[in-house]
Amino acid sequence: MNERILRRDRRVEWIRRNRLHPQHLQYQLQPDECRGPSGLIRRYPHQVGFIGPNGIKRIDRLNGSRVLSISLGSKKAEANTALPMHCVEAAKYYLIVVPDMPGGRLSSHDRDVLGLAHQLVAQYGAGGAVMAVVFGLHRETEFATAGVDRLLHLSCATFDGYCPERKADALAQIDHQFSPKHWLMPDSIDGGFELGARLAASINERPVTQAWKVNTKESICRAGNGRVDIKRHTPKCLLLAPECAPHIDETCHQVLEVEFSYRDSYASQIEDLGQIAVDPQAIPLTEAEFILSAGNGIHDWDQFHRAAEVLGATEGASRVAVDDGFMPRSRQVGATGHWVSARVYLAVGISGAIQHLQGIEGCDKVIAVNTDVGCDMVKRADLSVIADSNALLIELVALMKQHQGETCQDAA
């Protein structure tokens, strides 16, 4: 019998199961990426990541460039990673993105839309540029790493406040001058849906809404409260759902300013009467944008409440603080409490139980204040402050009062 007998190598199988073995990656057969249930390409978690200090493999979701660990009195240090530069010298065509920019910065939803714009450019061919149109003042400094090739900034006072009619009129003028292949906007309650609907009506287009999978030929949209998918030809105006495409994180883009002269000839029928002051503690946790959350590390609760009042933050708490009677049950954050989606979540003295981490998955930026460098909240946070929570709150309140005093003097 010359037939070869195939035998199992139990040692190789054991190495494949043992992620801490030094030869584990050499025997891995899984791909680096796979297509998820939503149709998007996802990274395979067993292949991507690094071994943490406790021997557990972690996924570096921010590519190690935006996570800081600092202590009081120390200098802020950030490792800058040099990314390859993507330049479009002479654009043959444009895809224009109008981000929501809540709080003057790009949101995660905005970055999803920019990622999809570059996917469409790759399908149309070389020579295309992604242009971002930004209204009013902003504080964004990462347009280059978000995928913006051209920036059209309309910073005049005409666009201050709530003025969707005037903004849609400006976008219609931009459409006439640049003739983009597509308009891409977030389908959100932060203004993207209303502005996209008004623009589509002004240029006689029928937009797609809640689109989560788009190419140059067809678009797939969510309908029926997420239970039904609708397929149609890709139109000029696209209102996109969250996670429609991965973020741009491997290239740095040349952000060139674009000149545009807006002709203000639109008689707006909407009058903005300004914002109404709201008590932060009257805002439900599920709707709060800035949450100051306390855990077992807080010992001076009067100081915590004073800090929340000065910062204008909505108070939250971990389950331990609620069970101990320091905070009401309505303020509990986590899988056993409220799932929150704040723009900024400041966790003070919270170690980070799995239920709590599940409850803050939807938060944009997480800041952790803790004395334990190895706690799970510090590993999850975008910014970690290794310091005593009470001492930091005292310094934070003092700095905020100083800032408010300077602001009052400037106003006077």
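Predicted, not measured: the structure shown is a model, and the values here were computed from it.

## Notes on the overall build of the protein chain
For the protein chain, the count of helices and strands is ten helices and 21 strands. Contacts in the protein chain between residues far apart in sequence, at least 24 positions, make up 59% of those at least 6 positions apart. Summed over its atoms, the accessible surface of the protein chain is roughly 23,400 Å², and 51% of this surface lies on carbon and sulfur atoms.

## What about the sheet that holds strand E13 (residues 228-233)?
Strand order in the open sheet made by the nine strands is E13-E12-E11-E14-E10-E7-E8-E9-E16, with mixed pairing throughout. Taken across any chain shown, the strands that pair with only one partner, and hence form the sheet edges, are E13 and strand E16 (256-257). Pairing of strand E7 (residues 93-97) with strand E10 (residues 182-186) involves three bridges; the strand directions are parallel. Bridge assignment links Ile 96 to a residue of E10, and that residue is Trp 183. The strands that helix H4 (residues 164-178) touches are E7, strand E8 (128-135), strand E9 (150-154) and E10; relative to E8, the one it contacts most, it runs at about 155 degrees. Helix H5 (residues 192-202) rests against E8, E10, strand E11 (208-214) and strand E14 (237-240) of the sheet, and its axis sits at about 155 degrees to E10.

## Here's the deal with the pattern of salt bridges
Applying the stated criterion across every chain, the model contains nine salt bridges. Between Asp 229 and Arg 222 there is a salt bridge, with the nearest N and O atoms lying 3.0 Å from each other.

## Overview of the packing of aromatic side chains
All told, the structure shown has six aromatic pairs when counted by the stated rule. Judged by centre distance (5.6 Å) and plane angle (85 degrees), the rings of Tyr 94 and Phe 178 are edge-to-face. Within this pair, whereas Tyr 94 is found in strand E7, its partner Phe 178 is found in helix H4, the two being separated by 84 residues in sequence. For the pair Phe 159 and Tyr 262, a centre-to-centre distance of 5.2 Å together with 50 degrees between the ring planes defines the contact as tilted. Residue Phe 159 is located in the loop between E9 and H4, and its partner Tyr 262 is located in the loop between E16 and strand E17 (290-294); the two are separated by 103 residues in the primary sequence. You'll find Phe 159 and Tyr 262 in the same group, each marked buried. What links up through ring pairs into an aromatic cluster is the set Phe 135, Phe 159 and Tyr 262. The residue whose ring lies beneath Lys 181 is Tyr 93, and the NZ or CZ to ring-centre distance is 5.2 Å. Its end group placed over the ring of Trp 212, Arg 222 keeps NZ or CZ at 4.4 Å from the ring centre.

## Some points on the nonpolar core
Counting 28 residues, the largest nonpolar core has Phe 135, Leu 152, Leu 171, Ile 174 and Trp 183 as the members making the most contacts within it. Of all the secondary-structure elements, those providing two or more residues to this core are E7, E8, E9, H4, E10, H5 and E14. Of all the elements, H4 adds the most residues to this core, at five residues. Not counting residues up to four positions away in its chain, the partners in contact with Phe 135 are Val 98, Leu 154, Phe 159, Lys 167, Ala 170, Leu 171 and Leu 195. Listed in part, the 27 residues of the second largest apolar core include Leu 116, Leu 120, Val 134 and Ala 146.

## A closer look at the layout of surface pockets
In this structure, the second largest pocket spans a volume of roughly 310 Å³. Asn 296, Ser 318, Gly 349, Ile 350 and Ser 351 are the residues nearest the centre of the second largest pocket, which is lined by 25 residues in total. Looking at the lining of the second largest pocket, the elements with two or more residues in it are helix H7 (319-323), helix H8 (354-359) and strand E20 (365-370). Across the lining of the second largest pocket, the residue classes tally to seven nonpolar, 16 polar and two charged.

## Some remarks on unusual backbone geometry
In this structure, Met 101 takes a positive phi of about 55 degrees despite not being glycine. Considering the arrangement of structural elements, one finds Met 101 in the loop between E7 and helix H2 (108-124). A relative accessible area of 10% means that Met 101 is categorised as buried.

What counts, and where the lines are drawn
Residues numbered from 1 in each chain as written. Predicted model: local features only at pLDDT ≥ 70, side-chain atom pairs only at ≥ 80, totals over all residues. Heavy atoms only, no water. Helix = DSSP H or I, 4+ residues; strand = E, 2+ residues; numbered from the N terminus. Contact = heavy atoms within 4.5 Å. Areas by Shrake-Rupley, 256 points an atom, 1.4 Å probe, with all protein chains shown as cover. Pairing = 2+ DSSP bridges. Axes fitted to C-alpha atoms, helices over the stretch in contact; angles between N-to-C directions. Salt bridge = Lys/Arg side-chain N within 4 Å of Asp/Glu carboxyl O. Phe/Tyr/Trp six-rings, centres within 6.5 Å; stacked < 30°, edge-to-face > 60°. Buried < 20%, exposed > 50% of the residue type's maximum accessible area, 1.4 Å probe, protein only. Lys NZ or Arg CZ within 6 Å of the ring centre and 35° of its normal. Core = buried A, V, L, I, M, F, W, Y, C linked by side-chain atoms within 4.5 Å. 1 Å grid on protein atoms, 1.4 Å probe; cavity = no way out; pocket = protein on both sides within 12 Å on 5 of 7 lines; lining within 4 Å. Points joined across faces, edges and corners; volume = space filled by probe spheres on them. Nonpolar A, V, L, I, M, F, W, Y, C, P; charged D, E, K, R; others polar.

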